[in-house]
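Results of the structural survey
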Amino acid sequence: MARMAGRRALFAVPVLLVVTFGVFAVAEASPFDPVKAYAGTAGLTSSQANLDQLRANLGVDQPLVARWWNWLTAAVTGDLGDSGVMRQPVADVITERLGWSTLLAATAFAVAIVLGTTLGVLAARRPGGWLDRGAGSAAYTLEAAPAFWLGLLAMWFFALKLGVLPAGGLTDTASDTVTLGQVASHLVLPALVLGITQLPWFFLYVRQGVADALEEDPVRGARARGTSERTVLFGHALRSGMLPALTLVGSRVPELITGALLVETVFSWPGIAAATVQAATSVDFPLLAALTVLATAAVLAGNLLSDLLYGIADPRVGFDG
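Residues numbered from 1 in each chain as written. Predicted model: local features only at pLDDT ≥ 70, side-chain atom pairs only at ≥ 80, totals over all residues. Heavy atoms only, no water.

Note that Glu229 resides in helix H10 (residues 229-246). Note on Glu229: relative accessible area 26%, which makes it partly exposed. Note: C-alpha distance between Glu229 and Arg125 (104 residues apart in sequence) is 9.4 Å. (Helix = DSSP H or I, 4+ residues; strand = E, 2+ residues; numbered from the N terminus. Buried < 20%, exposed > 50% of the residue type's maximum accessible area, 1.4 Å probe, protein only.)

Applying the stated rule across the entire model yields 2 salt bridges. Here Arg97 and Glu96 are joined by a salt bridge, their closest N and O atoms 3.4 Å apart. When its relative accessible area of 45% is taken as the criterion, Glu96 is described as partly exposed. Residue Arg207 pairs with Asp132 through a salt bridge whose shortest N-O separation is 2.7 Å. On the criterion of sequence distance, the pair formed by Arg207 in helix H8 (residues 180-214) and Asp132 in helix H6 (residues 130-143) is long-range, its members being 75 residues apart. Summarising the burial analysis for this pair, Arg207 and Asp132 share the class buried. (Salt bridge = Lys/Arg side-chain N within 4 Å of Asp/Glu carboxyl O.)

This paragraph deals with the packing of aromatic side chains. Applying the stated criterion across every chain, the model contains 6 aromatic pairs. Here Trp68 and Trp69 contribute two aromatic rings whose centre-to-centre distance is 6.2 Å and whose plane-to-plane angle is 55 degrees, an arrangement assigned as tilted. Seen from their ring centres, Trp156 and Phe157 are 6.1 Å apart, and the 45 degrees between their planes marks the pair as tilted. A connected cluster of aromatic rings, assembled from ring pairs, spans Phe21, Trp68 and Trp69. (Phe/Tyr/Trp six-rings, centres within 6.5 Å; stacked < 30°, edge-to-face > 60°.)

Residues Leu104, Val193, Leu194, Val263, Phe267 and Trp269 are the most contacted members of the largest nonpolar core, which totals 27 residues. Within the residue set of this core, elements represented by two or more residues are helix H5 (90-125), helix H7 (147-161), H8, helix H11 (248-251) and helix H12 (253-266). Within the second largest apolar cluster, 20 residues are counted, among which are Val23, Trp68, Val90 and Leu287. (Core = buried A, V, L, I, M, F, W, Y, C linked by side-chain atoms within 4.5 Å.)

Before going further, it helps to examine the confidence of the model for the chain. Residues of the chain with pLDDT of at least 70 account for 84%, and the chain-wide mean is 79. Within the chain, H7 carries the highest mean pLDDT (89), whereas helix H2 (residues 34-39) carries the lowest (66). (pLDDT = per-residue confidence, 0-100.)

Taken together, the side chains of Phe148, Trp149, Leu152, Leu153, Trp156, Phe157, Leu160, Leu162, Val164 and Leu262 define a hydrophobic patch exposed on the protein surface, amounting to about 990 Å² of accessible area. It is H7 that contributes the most residues to the nonpolar patch, 7 residues altogether. Here Leu262 lies in helix H12. Residue Leu262 is classed as partly exposed on the basis of its relative accessible area of 37%. (Patch = residues over 30% accessible without salt bridge, like charges linked within 9 Å, V, L, I, M, F, W, Y side chains within 5 Å. Areas by Shrake-Rupley, 256 points an atom, 1.4 Å probe, with all protein chains shown as cover.)

So this is what it looks like as structure tokens:
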């Protein structure tokens, strides 16, 4: 296990180098001017000399490779630079928002895994039954539903029509303090919406895996020996049927990140979505590079987690092979 993790860590280094250079290259080709974005309306009346001086202060007057290398060498020492659009260090921008994004994504992922696994097992128990047909139809429908559309629909129904949940934000409008109760109530809708966007994949994989496992000889033998149906389902079929679903943990991370950005925007959740959008539209080089590295590292970590979980669930899989 340690050897595989070490190999993956070494492989991640050139990947991150290529990704960060790609961010600077794309930003270089962008039509947006970071100096004008930083100056705002004041840039409309500023002289060219002042704009040139501001360009030098921001470091965007240097060649592409020089800007990337300067950022990279500083990032290795822990200095991620300053965000021009946020007017604060990049590390502070990420620190203030990453925790809330992680809370939302982790809660949504837990919702998707628990509900998807439960529905998948129950549907596989009686293939072709009403639960199997209904949940399967809903899963295929949800696959095609955009996250932002589901968010707006949930907001309209639960917040505006029923009035049982807050429409967005982190705390109540009249509150100036963050309490656990307010965070929990405001987390319900965005986490539920984001979790539902990931649920179909887990349901379909678990449903197919468990259905196939129920047809295997060891499971049939357990039934023939009089083993209870619950033990057959959750003690034998589920373990075998979950193996294909474990590979989803890593492969769903990119879409989970994308969905989280959309859901955060819809529900005004104070995560990294707003920072990502502003960094992209303002060509904020340091913030763009840091956020891209963060997302790439999350994807690589997700893939590693999938392999580790698969190896733990199936001892026949070797970690060092």
